[in-house]
Amino acid sequence: MSLSILNAISPIDGRYRNKVNELAPFFSEEALIKYRVLVEIEYFIALCELPLPQLKSVDSSLFDSLRNIYKNFTSENAIEIKDIESVTNHDVKAVEYFIKKKFDALGLIQYKEFIHFGLTSQDINNTAIPLSIKEAINSVYIPEYQNVLNKLKTLSNEWAQVPMLARTHGQPASPTRLGKEIDVFVVRLEEQFNLLNDIPSAAKFGGATGNFNAHHVAYPNIDWKAFGSAFVQGKLGLQHSFPTTQIEHYDHMAALFDTLKRINTILIDLDRDIWTYVSMDYFKQKIKAGEVGSSAMPHKVNPIDFENSEGNLGIANAIFEHLSAKLPISRLQRDLTDSTVLRNVGVPFGHTIIGFKSTLKGLNKLLLNDSKFAKDLENNWAVVAEAIQTILRREGYPNPYEALKGLTRTNEEINQNSISNFIDTLEVSNDIKTELKRITPSNYTGI
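Quick notes on the rules
- Residues numbered from 1 in each chain as written.
- Predicted model: local features only at pLDDT ≥ 70, side-chain atom pairs only at ≥ 80, totals over all residues.
- Heavy atoms only, no water.
- Helix = DSSP H or I, 4+ residues; strand = E, 2+ residues; numbered from the N terminus.
- Rg over C-alpha atoms; globule rule 2.2 N^0.38 Å.
- Buried < 20%, exposed > 50% of the residue type's maximum accessible area, 1.4 Å probe, protein only.
- Contact = heavy atoms within 4.5 Å.
- Areas by Shrake-Rupley, 256 points an atom, 1.4 Å probe, with all protein chains shown as cover.
- Lys, Arg positive; Asp, Glu negative; His and termini not counted.
- Charge placed at Lys NZ, Arg CZ, Asp CG, Glu CD.
- 1 Å grid on protein atoms, 1.4 Å probe; cavity = no way out; pocket = protein on both sides within 12 Å on 5 of 7 lines; lining within 4 Å.
- Points joined across faces, edges and corners; volume = space filled by probe spheres on them.
- Nonpolar A, V, L, I, M, F, W, Y, C, P; charged D, E, K, R; others polar.
- Pairing = 2+ DSSP bridges.
- Expected span 1.5 Å × (residues − 1).
- Bend = angle between axes of the 7 residues up to and from the residue.

A short note on the overall build of the protein
Link 1 in the chain: When helices and strands are tallied, the protein shows 19 helices and 6 strands.
Link 2 in the chain: Whereas a compact globule of 447 residues would reach a radius of gyration of roughly 22 Å, the protein reaches 31 Å, over 25% beyond that.
Link 3 in the chain: Each of the three principal axes of the protein carries a C-alpha extent, and together these read 100 × 55 × 40 Å.
Link 4 in the chain: When each of the 447 residues of the protein is scored for burial, the buried share is 47%.
Link 5 in the chain: Within the protein, residue pairs in contact and separated by at least 24 positions form 77% of the contacts whose partners lie at least 6 positions apart.
Link 6 in the chain: Carbon and sulfur atoms provide 51% of the accessible area of the protein, an area that totals close to 22,100 Å².
Link 7 in the chain: Looking at charge distribution, the protein has the averaged site of its 47 positive side-chain charges lying 2 Å from that of its 53 negative ones.

See the structure below:
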């Protein structure tokens, strides 16, 4: 059976494939193979540029042809490498053999043994994977993140002056403004994104156990650590981790996943708040012709986008959590648990992108129900008690908190008239009474 969206096991390759297609060039099996080819080719070129004595005669005009091996990499090339792997039972060795065949075609037969020279598989994997993650974040993640952030900024500005009854512990509390509540999420997201930018994309490159053993024994007079750092940082744009064992220690990658998880958590918080506001009738939702909200109840327009986002971001966070907890742990100089885990690195990114798109879709469907905001404020005059008692404290009035508590902490209705009548009983100047009567649930919204 050929793979299709209907028989894929994972929904990110099935139902949601059209939402995550842009991640395939970074996290598919074909993409991983391509990134391995890239690292192997650039490593060989770097050895030529060093130069190693045996590579001085390599014509630099061939470098473009070598780079075209990965720049023009095709699905057929990936299949060819997988066919080689079916014999070698080793994925990175299959890449090496594929490149050797390309060297034959380019007339570089005598230099073939300097492909993968002195390296272990993890020198390739632990540069290829961080590079693919870095480029996926820049090319796909950040644009989707910015779409959500920019929408929230727009809504925060549009709703900046909309007074809203706040709820703490689910109960009526000092009023706020809808735009400010949205801005809380804007600032939280921006602060975590700033932390994300501070995390280096680190890579291991140092031979079988991280010490450049094979390099050093073959060419003891070359500063291989300096070469490794120049290659990883200068050629690949990554940070060179040194010293390491056979594998990257993944501490920076774990920090990256933890920060991505926090960004997702902030959006889950947003999703739940907006979902609740919809249930409170603060928002209506734009209706699309032909859509069905319930198979049984024709009237329903459900906040499904925020629910979809919450679910996908939750799955993403569960996987990010496992990656960040597992990857920095490896028995002695290495075990293989990181390898199988890293093959899933695209999965949480997939669910994250689905979550971002769903949140954005939901935000774009919101319609402000002004009358509901106003009604809730008018029905909760008790919330101005804080303002009244604070001004009375300012004026040195005896026991103001207790006085307001006696008025408002009852099951009787508190409205504008009862507040006004209470103010009239206070032994304060008429100017203070006028000041107090100017306070309403709609204008007591702070700064």
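Brief notes about the layout of surface pockets
Link 1 in the chain: The calculated volume of the largest pocket comes to roughly 710 Å³.
Link 2 in the chain: Of all the secondary structure elements, the ones that give two or more residues to the lining of the largest pocket are α1 (17–20), α2 (24–27), α3 (29–49), α7 (121–158), α13 (337–342) and α14 (346–364).
Link 3 in the chain: Ranked by the residues each element gives to the lining of the largest pocket, the list is headed by α7, at 5 residues.
Link 4 in the chain: Here the residues of the lining of the largest pocket sort into 12 nonpolar, 13 polar and 8 charged.

With respect to the pairing of strand β2 (residues 171–177)
Link 1 in the chain: Here strand β1 (residues 163–168) pairs with β2 via 5 bridges, running antiparallel. Across the sheet, residue Met164 finds its bridge partner in β2, namely Thr176.
Link 2 in the chain: Two successive antiparallel strands, β1 and β2, enclose a turn made up of 2 residues, where His169 displays a positive phi of approximately 60 degrees.

Section: α7
Link 1 in the chain: An ideal rise of 1.5 Å per residue puts 56 Å on 38 residues; α7 measures up with 54 Å between its terminal C-alpha atoms.
Link 2 in the chain: Considering bend angle alone, the principal kink of α7 is centred on Ile137 and spans about 45 degrees.

Treat this as a map of the structure, not an account of what it does.
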